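Analysis of the macromolecular model
Next come the chains, spelled out residue by residue.
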Amino acid sequence: GAGVSQSPSNKVTEKGKDVELRCDPISGHTALYWYRQRLGQGLEFLIYFQGNSAPDKSGLPSDRFSAERTGESVSTLTIQRTQQEDSAVYLCASSLGVAGPYEQYFGPGTRLTVT
Amino acid sequence: TQLLEQSPQFLSIQEGENLTVYCNSSSVFSSLQWYRQEPGEGPVLLVTVVTGGEVKKLKRLTFQFGDARKDSSLHITAAQPGDTGLYLCAGGRRVFGNEKLTFGTGTRLTIIP
């Protein structure tokens, strides 16, 4: 079946502009996660959704970052007034549920470059 | 912040050699996962271990969870070029009813044919 998809695959934006990143999880996966990965480094947790609710937003770096999920499906991560330090690959993952440990299935990521 | 330090950060070895990658923390985790990531793709799960002292083998890969559930190792026997990639460990802890993962710093492995 279809895996996790993300769009766009690449995004170049000017400093100060807003960007929206999209994630389509695997159908039926109730949990959805957003991570940030700086060049050559590990993954930094941003936010997690259970259904359409986000019980854990602890990883969002600042109030410029927000995310929503609708229909227990698609999620968007919005970064307002982008800064150069926001440049990274943004990865989305989904999993079957919450009890865990469940395998997280990752999308290919969106590479964001802020100029 | 629960840090997971991986060592070495970079490793380049000849095909056929053996290697071990380490994942260490001062925190206790309820589970430990290892992922491999190739360029331009998301990480893919290799294994999950949940019991202190647990050892799992996946063909040429052997994974061990430390007795105290604070550390783990990945051993590869007779490395092949297809093993090249970024290896990430991830420790799981229950937060808000969810098994939240904290990812390690990563080990970039290159196998030279």
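For the structure, see preceding data.
Residues numbered from 1 in each chain as written. Chains lettered and ligands numbered in written order. Predicted model: local features only at pLDDT ≥ 70, side-chain atom pairs only at ≥ 80, totals over all residues. Heavy atoms only, no water.

The interface of chain B with chain A comprises 25 residues on the first partner and 24 residues on the second. Note on chain B versus chain A: buried area summed over both sides is about 1,700 Å², and carbon and sulfur give 53% of it. Viewed at the interface, chain A and chain B are joined by one salt bridge. Taking the shortest distance from any N to any O, the salt bridge between A:D56 and B:K100 comes out at 3.2 Å. One can count six residue pairs in polar contact (both at pLDDT 80 or more) joining chain B with chain A. The set of elements that each furnish at least two residues to the side of chain B that touches chain A consists of β4 (31–37), β5 (44–49), β9 (85–95) and β10 (98–103) of chain B. (Contact = heavy atoms within 4.5 Å. Buried area = accessible area lost by both parts, 1.4 Å probe. Salt bridge = Lys/Arg side-chain N within 4 Å of Asp/Glu carboxyl O. Polar contact = N/O pair within 3.5 Å; in protein donor to acceptor, adjacent residues only side chain to side chain. Helix = DSSP H or I, 4+ residues; strand = E, 2+ residues; numbered from the N terminus.)

All names here are of chain A. Counting across every chain of the model gives eight salt bridges over all chains. Taking the shortest distance from any N to any O, the salt bridge between K17 and E14 comes out at 3.8 Å. Assessed through its relative accessible area of 45%, K17 is described here as partly exposed. (Buried < 20%, exposed > 50% of the residue type's maximum accessible area, 1.4 Å probe, protein only.)

Throughout the structure, instances matching the rule amount to two disulfides over all chains. Covalent S-S linkage joins A:C23 and A:C92, the inter-sulfur distance amounting to 1.8 Å. Looking along the S-S bond of the A:C23-A:C92 disulfide, the torsion reads about -65°, which is the left-handed sense. Note that A:C23 is positioned in strand β3 (residues 19–24) and A:C92 in strand β9 (residues 88–95), a separation of 69 residues in sequence. Per residue, the accessibility class of A:C23 equals that of A:C92, and both read buried. The residue that forms a disulfide with B:C23 is B:C89, at a sulfur-sulfur distance of 2.1 Å. Residues B:C23 and B:C89 are joined by a disulfide whose S-S torsion is about 80°; by sign, that bridge is right-handed. Of this pair, B:C23 sits in strand β3 (residues 19–24) while B:C89 is found in strand β9, placing the two residues 66 residues apart along the sequence. (Disulfide = S-S within 2.5 Å.)

All names here are of chain A. Read from one edge of the open sheet, four strands run β1-β3-β8-β7, paired in antiparallel fashion. Both edges of this open sheet fall to β1 (5–7) and β7 (65–69), since each of them pairs with a single strand only. On average, each strand axis in the sheet is tilted by 15° relative to the strand beside it, whichever way the strands run. Bridge count for β7 against strand β8 (residues 75–79) is five bridges, and the pairing is antiparallel. What sits directly across from F65, in β8, is I79. (Pairing = 2+ DSSP bridges. Axes fitted to C-alpha atoms, helices over the stretch in contact; angles between N-to-C directions.)

Time to look at the sheet that holds strand β7 (residues 61–65) of chain B. All names here are of chain B. With antiparallel pairing, five strands are arranged side by side in an open sheet as β1-β3-β8-β7-β6. With partners counted over all chains shown, the strands left at the sheet margins are β1 (5–7) and β6 (55–58), one partner each. Going across the sheet, the axis of each strand differs from the next one's by a mean of 15°, ignoring polarity. When β7 meets strand β8 (residues 71–76), the two strands line up antiparallel, connected through five bridges.

Let us now look at the environment of B:F63. Residues and elements named next belong to chain B. Among the structural elements, F63 can be located in strand β7. Put simply, F63 and Q9 are 54 residues apart on the chain and 18 Å apart in space, counted from C-alpha to C-alpha. Not counting the four nearest positions on each side in its chain, F63 is found in contact with W34, L46, V47, E54, V55, K56, L58, S73 and L74.

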